[in-house]
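The lines below spell out each chain.
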Amino acid sequence: MNRPITAPRAAYDRYFDTAWDRAWFSNGGPLVSEFEKRLSAYLEVEHAVVVCNATLGLSLLIQALELTGEVILPSYTFISSANVLKAAGVKPVHCDIRSADMNIDPEACAALITPRTSAVVATHIWGAPCDTSALQAICDDAGIALVYDAAHAFGVRHQGRPIGGFGRAEVFSLHATKVLQAFEGGVVTTDDGALADRLRLLRNFGFSGVDRVEIAGVNAKMSESHAAMGLANLDMIGETLAANRRRHELYADELAGIAGLRFHQPAPGASSNHHYAVAEIDADIFGLDRDGVVDLLFAENVLARRYFYPGGHRSIPHLPESGAPAALPVTEMVCERVLVLPAGAAIALEDVRAICGLIRSIAAHAPELAARLSDTGASRRRSARPDQVAPPGFSKPRTGSKP
Ligand SMILES: *Cc1c(COP(=O)(O)O)cnc(C)c1O
């Protein structure tokens, strides 16, 4: 889990003091307008519509695009997209992923399209761009919308331009643990002016005038204080990305050559924001399964996590009413193997070294540790809550449970 990356307090105050002096805290204030302008410039996209979080951003997009019937999404992603689809009365259809980059598999996606399919919502998982060309061709052929959950992908470039301009729209999260954070927040980016206008109506109850309500919108506005945080952090995004990269490279160096552990690297030549440190443990070779490694790291106060276990298709709200969940073999393998380590600019290089040292010593003693863990029962970690075992030091949980 990542610790929030935060501009100096004075940088936040410089922005927020202006809102304080104006006593203008919400309803499309000057800081939100400035933040939107800066985001659309940085992301090289016509419209950036900021909202109170990415989940509501996705929800507005579902409403704005009038999605119905079925929507295909990867099974291996954060649960919010499946949940908001279901809440909108749309059936989430979980699709398998590719093992190389854990992104939605375009061929599997094409095979799931039916006459009821209205869209594909694809996630750039861990900030690795999806195969946007293949997905766009598939969606164009089928005459359906393609949108992206870009919650992980702020600051990533793809095919010569930033993530943010692909598909009909992309949705970024500005949650405290994300690479650009605004305490909580989200931004929907699109080059489609009519869609952006609709999103702006929807985020503000549907108001198009003082007492004219155009559509049944909700309250998904961002406050001025959130925009101040976002602006202060956007001012230092270059430094953040550079610091992220140093930590990622250190992980890659320190974890190289451990049998049964694969540390995820961006594809050759691909851009990354290096915000996530993701490894896969092959238990047969490593000598201990991923859950055992998570348990042991947890005992050393390292908040390593498994993600996105057990996969959207196996999560309780999305289990089929009868029969077994779809067979998604790659998702299931990845869900058993992935280990996400603390990363990002707010963690010290020394802590990265210490975590890697722990992993090396776990690897060196894996068979004995596996035997000891099976003696003590494997349910310890699952029953322990982070706040009960939280330590002083680098792994103290500070925010929610999101990656
Ligand atoms: C964090 C996250 C979200 C949700 O973002 P919020 O801003 O917290 O609503 C959605 N999808 C992915 C992949 C995420 O990591």
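Note that this is a predicted model, so its numbers are computed, not measured.

Q: Can you help me understand the overall build of the protein chain in this one?
A: Secondary structure summary: the protein chain contains 16 helices and 14 strands in total. Radius of gyration (C-alpha) of the protein chain: 21 Å, near the 22 Å computed for a compact globule of 403 residues. A principal-axis box enclosing the C-alpha atoms of the protein chain has dimensions of 70 × 55 × 40 Å. Each of the 403 residues in the protein chain was classed as buried or not, and the buried ones make up 53%. Contacts in the protein chain between residues at least 24 apart in sequence constitute 69% of all its contacts with a sequence separation of at least 6. Element-wise, carbon and sulfur atoms account for 53% of the exposed surface of the protein chain, whose accessible area totals about 17000 Å².

Q: Hey, could you run me through the environment of alanine 100 in this one?
A: Structurally, alanine 100 is set in the loop between strand E3 (91-95) and helix H5 (106-112). Look at alanine 100 and you get exposed, because its relative accessible area is 59%. As a C-alpha pair, alanine 100 and glutamate 350 span 250 residues in sequence and 29 Å in three-dimensional space. With sequence-adjacent residues up to four places away left out, alanine 100 is seen in contact with Arg262 and His264.

Q: How do you make sense of the packing of helix H1 (residues 9-22) against helix H8 (residues 224-235) when you look at a structure like this?
A: Packed helices, taken two at a time, are described by their axes: the angle between them and the distance between them. Between H1 and H8, the least distance of the axes is 8 Å, while the angle of their chain directions is 150°. With respect to their mutual orientation, H1 and H8 come out roughly antiparallel. Crossing of H1 against H8: the hand is right-handed. Contacts between H1 and H8 involve Ala11, Tyr12, Tyr15, Phe16, Ala19 and Arg22 from the first element and Glu224, Ser225, Ala228, Met229, Leu231, Ala232 and Asp235 from the second. Of the residues contributing to the contact of H1 with H8, the split by class is nine nonpolar, one polar and three charged.

Q: Explain the nonpolar core here, please?
A: Soluble globular proteins tend to pack their nonpolar side chains together in the buried interior. Residues Phe35, Leu39, Ile104, Val120 and Phe154 are the most contacted members of the largest nonpolar core, which totals 52 residues. For this core, the element with the highest residue contribution is H8, accounting for six residues. Taken domain by domain, this core gets at least three of its residues from each of domain 1 (9-235) and domain 2 (237-304 + 342-388). Ignoring anything within four residues of it in the chain, the contact list for valine 120 reads Ile72, Ile104, Cys109, Cys139, Ile144, Ala145, Leu146 and Val147.

Q: Got a minute to help me understand a nonpolar patch on the surface in this structure?
A: There is a patch of nonpolar side chains on the surface, built from Phe205, Phe207 and Val213 and spanning about 250 Å² of accessible area. With respect to the helices, strands and loops of the structure, valine 213 is situated in strand E11 (residues 212-213).

Q: How do you make sense of the pairing of strand E13 (residues 277-281) when you look at a structure like this?
A: The side chains of a regular strand alternate, first on one face of the sheet and then on the other. Of all five residues in E13, five are buried, a share of seventy percent or more. Side chains Ala277, Ala279 and Ile281 of E13 all project onto a buried face; the interleaved residues Val278 and Glu280 project onto the opposite face, where all are buried too. As defined by bridge partners, strand E12 (residues 261-263) adjoins E13 across three bridges and the pair is classed as antiparallel. Note on E13: the bridge partner recorded for phenylalanine 263 is alanine 279. Summarising the sheet, E13 and strand E14 (residues 338-341) pair through four bridges and their orientation is antiparallel. Its bridge partner being in E14, alanine 279 is matched across the sheet by leucine 339.

Q: It is not clear to me how the domain arrangement of the protein chain should be interpreted in this structure. Could you clarify?
A: Reports often express the size of an interface as the amount of accessible area lost when the parts come together. Looking at the protein chain, the domain boundaries give domain 1 (9-235) and domain 2 (237-304 + 342-388). Contact between domain 1 and domain 2 buries roughly 1300 Å² in total, counting both sides, with carbon and sulfur atoms accounting for 57%. Taken as a group, Met102, Trp126 and Val179 account for 40% of the area that domain 1 buries against domain 2, more than any other trio of residues on that side. Counting every contact that joins domain 1 to domain 2 gives zero salt bridges. Viewed at the interface, domain 2 and domain 1 are joined by seven residue pairs in polar contact (both at pLDDT 80 or more). If you tally residues by element for the side of domain 1 that touches domain 2, the top one is H8, at three residues.

Q: Looking at this model, I keep getting lost on helix H14 (residues 366-376). Mind explaining?
A: Every α-helix carries 3.6 residues per turn, so stepping three or four residues along brings you back to the same face. What H14 keeps buried is the set Ala366, Leu369 and Leu373. All buried residues of H14 project into a common sector of 65° when viewed along the axis, lining one side. Across H14 from its buried face, at more than 90 degrees, point the exposed residues Pro367, Arg372, Ser374 and Asp375.

Q: Explain the sheet that holds E14 here, please?
A: Across the sheet, which stays open at both edges, the three strands sit in the order E12-E13-E14 with antiparallel pairing between neighbours. In this open sheet, the two edge strands, each paired with only one partner strand, are E12 and E14. Direction aside, the axes of adjacent strands within the sheet are offset by 25° on average. Against the sheet, helix H11 (residues 290-299) makes contact with E13 and E14, and its axis sits at roughly 25° relative to E14, the strand it touches most. Contacts from helix H12 (residues 329-337) reach E13 and E14, with the element oriented near 45° to E14.

Q: Got a minute to help me understand the packing of aromatic side chains in this structure?
A: In this description, a pair of aromatic rings is defined by centroid distance and the angle of the planes. With the rule as written, the count across this model stands at 15 aromatic pairs. Ring geometry for tyrosine 42 against phenylalanine 154: centres 5.3 Å apart, planes inclined by 5°, an arrangement best described as stacked. Here phenylalanine 154 lies in the loop between strand E5 (145-149) and strand E6 (157-158) and tyrosine 42 lies in helix H2 (residues 30-42), a separation of 112 residues in the sequence. With a relative accessible area of 29%, tyrosine 42 lands in the partly exposed category. Given the relative accessible area of 2%, phenylalanine 154 is considered buried. Ring geometry for tyrosine 76 against phenylalanine 308: centres 5.2 Å apart, planes inclined by 80°, an arrangement best described as edge-to-face. Placement of tyrosine 76 in the loop between strand E2 (70-74) and helix H4 (80-87) and of phenylalanine 308 in the loop between H11 and H12 is noted, with a sequence separation of 232 residues between them. Using a relative accessible area of 7% as the deciding quantity, one classes phenylalanine 308 as buried. Through a chain of ring-to-ring contacts, three or more aromatic side chains come together here, namely Tyr12, Phe16, Trp20, Phe25 and Phe183. The residue whose ring lies beneath arginine 161 is phenylalanine 166, and the NZ or CZ to ring-centre distance is 4.0 Å. A cation over an aromatic ring shows up here: arginine 306 above the ring of tyrosine 309, its NZ or CZ 3.8 Å from the ring centre.

Reading guide: rules and limits
- Residues numbered from 1 in each chain as written.
- Predicted model: local features only at pLDDT ≥ 70, side-chain atom pairs only at ≥ 80, totals over all residues.
- Heavy atoms only, no water.
- Helix = DSSP H or I, 4+ residues; strand = E, 2+ residues; numbered from the N terminus.
- Rg over C-alpha atoms; globule rule 2.2 N^0.38 Å.
- Buried < 20%, exposed > 50% of the residue type's maximum accessible area, 1.4 Å probe, protein only.
- Contact = heavy atoms within 4.5 Å.
- Areas by Shrake-Rupley, 256 points an atom, 1.4 Å probe, with all protein chains shown as cover.
- Axes fitted to C-alpha atoms, helices over the stretch in contact; angles between N-to-C directions.
- Parallel < 35°, antiparallel > 145°, perpendicular 65-115°, else oblique.
- Left-handed = near helix turned anticlockwise from the far one by under 90°.
- Nonpolar A, V, L, I, M, F, W, Y, C, P; charged D, E, K, R; others polar.
- Core = buried A, V, L, I, M, F, W, Y, C linked by side-chain atoms within 4.5 Å.
- Domains from an automatic or database assignment.
- Patch = residues over 30% accessible without salt bridge, like charges linked within 9 Å, V, L, I, M, F, W, Y side chains within 5 Å.
- Salt bridge = Lys/Arg side-chain N within 4 Å of Asp/Glu carboxyl O.
- Pairing = 2+ DSSP bridges.
- Buried area = accessible area lost by both parts, 1.4 Å probe.
- Polar contact = N/O pair within 3.5 Å; in protein donor to acceptor, adjacent residues only side chain to side chain.
- Arc of directions from axis to C-beta.
- Phe/Tyr/Trp six-rings, centres within 6.5 Å; stacked < 30°, edge-to-face > 60°.
- Lys NZ or Arg CZ within 6 Å of the ring centre and 35° of its normal.

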